[in-house]
There are 2 protein chains.
Amino acid sequence: MSREKSIGIFDSGVGGLSVMREMIKLMPNENYIYLGDTARVPYGNKSPKAILQYSIENISFLLDHGIKLLVIACNTVCAYALDHLEKVFPIPIMGVIKTGFDSLIQNTKNYHVAILGTVNTLSSGIYQNLILNAYPNAKVHSVPCPLFVPLTEEGFLNHPLVDLTAKEYLEKLNLTNVDSVLLACTHYPLIYSSIRKVLSPSIQLVDPSKASAEGSLKLLKEKNLLSPSSSPKYQFYVTDNPERFKNVAEKFLGMPISRVDLKFI
Amino acid sequence: MSREKSIGIFDSGVGGLSVMREMIKLMPNENYIYLGDTARVPYGNKSPKAILQYSIENISFLLDHGIKLLVIACNTVCAYALDHLEKVFPIPIMGVIKTGFDSLIQNTKNYHVAILGTVNTLSSGIYQNLILNAYPNAKVHSVPCPLFVPLTEEGFLNHPLVDLTAKEYLEKLNLTNVDSVLLACTHYPLIYSSIRKVLSPSIQLVDPSKASAEGSLKLLKEKNLLSPSSSPKYQFYVTDNPERFKNVAEKFLGMPISRVDLKFI
């Protein structure tokens, strides 16, 4: 497998940009190819069967473009399909749930935590199980925030609408004693500041994007797959509305993007 | 075909309740069976192929339950699939686009209008074409409001979050000279008051639900299919989250609902 190949990043939409931003910071020499399934976002309330089918289609597309590592930057896909995808695709795969769990555990001191995620990710019980298996006395609040994904997909990042939605989901919760809140959906770091504002300053808000980037670096190093070049290429594909993706991506990554191509579904 | 059979109402989610409410007012003796595809909502940004496939599945389910009239209470489905569905299903079908168009034309005086709808309904050009074919000098503004569907599906009806979203979509528009604004998505009448508030009082806000109910009554009369009974039954099915649907439906229809059943997809 060639070290010159790209790192593939797959998400249901714009959420994977939060992981990509940290990966570019940490591995600026790498080539990246990003695929957002913006025609079928949100995945967070779809059936497991649909999630698996969409994931297989999208990952096959990335493999056809020649990638050396696949980052599945979508908690919902990881929760429902990662085991299966690891079996069928002959490529190193980096999921975001293990790093989310690790980040949370590194931050909490009292093991009294809250998980913000999609309905599907939370219903899967994957975070709750990981935490309670390792720390049986932990207390875990699950907080579904279903509107955060459509809001970020529609390009509302620093916006009063997002502030008000964050208030709606978080202000009335009784988070007494909770010391750490995990962003268990890659879309949520795009609206970090709105979420941060409504939480008590004593609570740590844990964004696992950096840990996911570090995990990817470790994996590439172990397999001797780090890129030798220093003129990286970025490719972006979406299944719908490339212009809107371009606007969000430029705003969030803080760099101009020359083109976003359409992958037909 | 039996007059005792139910009227079937199909929507992507809770939106069809706006039509059902008017139908119950107008035809209180009828039996109704409602199906909301809440697992796969919103349809408004899905591919035409997916919309057709989901519609066929859902309508087949309603037909299996024995219905005498099918109301497709979803503008997106009507825009992309009605022609095909009318060909394949052996049942009278009532769509909501023709009544939307008729309602708008009855209200406007200057033929300078705005259409609020999903991205898909507006992209289909169906309303624009109907209006411009009949009134070539009309001026038609298309205003996509993609967050309205997730908001209503999440149960935010009379809520500051909806007020703020309506402001975001409508306040900055230049609607000078527009005398009528059409709600071209059946979800939008559920948040009528939030939309009404941000429009100038001189603008008429046209909710075609009543016209859709009148159209259904006319069709049943013509075919001599009006129910002779006076102890109507209501059945509700959704593909996900029956509890949430029940809450929204009770709030919007203003009556208790004994059960909402799950249709597996």
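Coordinates for the structure precede this section.
Predicted model, so just to flag it, every value in this text is computed and none were measured.

Concerning the pairing of strand β5 (residues 112-117) of chain B
All names here are of chain B.
- With 6 of 6 residues buried, β5 is to be regarded as a mostly interior element.
- Of the strand pairs in this sheet, β5 and strand β6 (residues 139-144) are connected by 6 bridges, and their pairing is parallel. Bridging across to β6, H112 finds its partner in K139.

Considering the relation of the copies chain A and chain B
- Superposing chain A onto chain B requires a rotation of 180 degrees together with a translation of 0.0 Å along the rotation axis, leaving an RMSD of 0.0 Å. Taken together, the turn and the small shift mark the pair as related by a two-fold rotation axis. Proximity to the rotation axis, assessed at the C-alpha, singles out L161(A) in chain A; its C-alpha lies 3.4 Å from the axis.
- A high fraction, 95%, of the interface residues of chain A reappear at the interface in chain B, so the copies pair face to face through one surface.

Observations regarding the packing of helix α1 (residues 17-26) of chain A against helix α10 (residues 209-222) of chain A
All names here are of chain A.
- Contact pair α1 / α10: the axes reach a minimum separation of 8 Å and the direction vectors enclose 50 degrees. Of the possible angle classes, the one that applies to α1 and α10 is oblique. In this structure, α1 meets α10 at a crossing whose hand is right-handed. Here S18, V19, E22, M23 and L26 of α1 lie close against α10, whose contacting residues are S209, K210, S212, A213, E214, S216 and L217.
- For the contact of α1 with α10, the residue count by class is 5 nonpolar, 4 polar and 3 charged.

Some points on the pattern of salt bridges
- Summed over all chains, the structure comprises 22 salt bridges over all chains.
- For K218(A), the salt bridge goes to E222(A), with nearest N and O atoms at 3.6 Å. Pair noted here: K218(A) and E222(A) are both in helix α10, with a separation of 4 residues, about one helical turn.
- Using a relative accessible area of 54% as the deciding quantity, one classes K218(A) as exposed.
- Of the residues examined, E222(A) reaches a relative accessible area of 58% and is grouped as exposed.
- Here D163(B) makes a salt bridge to K197(B), at a shortest N to O gap of 3.0 Å.

Looking at the environment of D240(A)
- Note on placement: D240(A) falls in the loop between β9 (234-238) and α11 (242-253).
- Given a relative accessible area of 30%, D240(A) falls into the partly exposed group.
- Linking D240(A) and K263(A), residues 23 residues apart in sequence, is a C-alpha distance of 7.7 Å.
- Excluding residues within four positions of it along the chain, D240(A) makes contact with T38(A), A39(A), L262(A) and N45(B).

Quick look at the environment of N129(B)
- With respect to the helices and strands, the residue N129(B) is situated in helix α6 (residues 126-134).
- With 11 residues separating them along the chain, N129(B) and V140(B) place their C-alpha atoms 9.8 Å apart.

Thoughts on the packing of aromatic side chains
All names here are of chain A.
- Scanning all chains against the criterion turns up 20 aromatic pairs over all chains.
- Ring plane angle 45 degrees and centroid distance 5.4 Å describe the contact between Y34 and F245, whose orientation is recorded as tilted. Taken as a pair, Y34 in strand β2 (residues 32-36) and F245 in helix α11 lie far apart in primary sequence, 211 residues in all.
- Chaining the aromatic ring pairs together yields one cluster made of F10, Y43 and Y54.

With respect to the environment of L173(A)
- Examined against the element boundaries, L173(A) turns out to sit in the loop between α8 (160-170) and β7 (180-183).
- Between the alpha carbons of L173(A) and V143(A) there is a distance of 8.9 Å; along the sequence they are 30 residues apart.

With respect to the packing of α8(A) against helix α8 (residues 160-170) of chain B
- Closest axis-to-axis distance for the α8(A)/α8(B) pair is 10 Å, and the angle between their directions is 170 degrees. Taken together, α8(A) and α8(B) sit at an angle that is classed as roughly antiparallel. Seen from α8(A), the contacting residues are P160(A), L161(A), L164(A) and T165(A); seen from α8(B), they are P160(B), L161(B), L164(B) and T165(B).

Overview of helix α2 (residues 48-64) of chain A
Residue and element names in this part refer to chain A.
- With 17 residues, α2 extends 24 Å from end C-alpha to end C-alpha; this agrees with the ideal 24 Å at 1.5 Å per step.
- Within α2 the residues assigned to the buried category are A50, I51, Y54, S55, N58, I59, F61 and L62. Taken end-on, α2 shows its buried residues confined to a sector of 150 degrees, consistent with a single buried face. Turned more than 90 degrees from where α2 packs its buried face, K49 and D64 sit exposed.

Details of the sheet that holds strand β8 (residues 204-206) of chain B
All names here are of chain B.
- Across the sheet, 4 strands lie side by side as β6-β5-β7-β8; this open sheet has parallel pairing. Looking at the sheet topology across the chains shown, the edges are occupied by β6 and β8. The mean inter-strand angle of the sheet, taken between neighbouring strand axes irrespective of direction, is 20 degrees.
- By the bridge criterion, 3 bridges tie strand β7 (residues 180-183) to β8 in an arrangement that is parallel. Its bridge partner being in β8, V181 is matched across the sheet by L205.
- Contacting β5, β6 and β7, α6 crosses the sheet at an angle of about 170 degrees to β6.

Reading guide: rules and limits
- Residues numbered from 1 in each chain as written.
- Chains lettered and ligands numbered in written order.
- Predicted model: local features only at pLDDT ≥ 70, side-chain atom pairs only at ≥ 80, totals over all residues.
- Heavy atoms only, no water.
- Buried < 20%, exposed > 50% of the residue type's maximum accessible area, 1.4 Å probe, protein only.
- Helix = DSSP H or I, 4+ residues; strand = E, 2+ residues; numbered from the N terminus.
- Pairing = 2+ DSSP bridges.
- Least-squares fit on C-alpha atoms with pLDDT ≥ 70 in both.
- Contact = heavy atoms within 4.5 Å.
- Axes fitted to C-alpha atoms, helices over the stretch in contact; angles between N-to-C directions.
- Parallel < 35°, antiparallel > 145°, perpendicular 65-115°, else oblique.
- Left-handed = near helix turned anticlockwise from the far one by under 90°.
- Nonpolar A, V, L, I, M, F, W, Y, C, P; charged D, E, K, R; others polar.
- Salt bridge = Lys/Arg side-chain N within 4 Å of Asp/Glu carboxyl O.
- Phe/Tyr/Trp six-rings, centres within 6.5 Å; stacked < 30°, edge-to-face > 60°.
- Expected span 1.5 Å × (residues − 1).
- Arc of directions from axis to C-beta.

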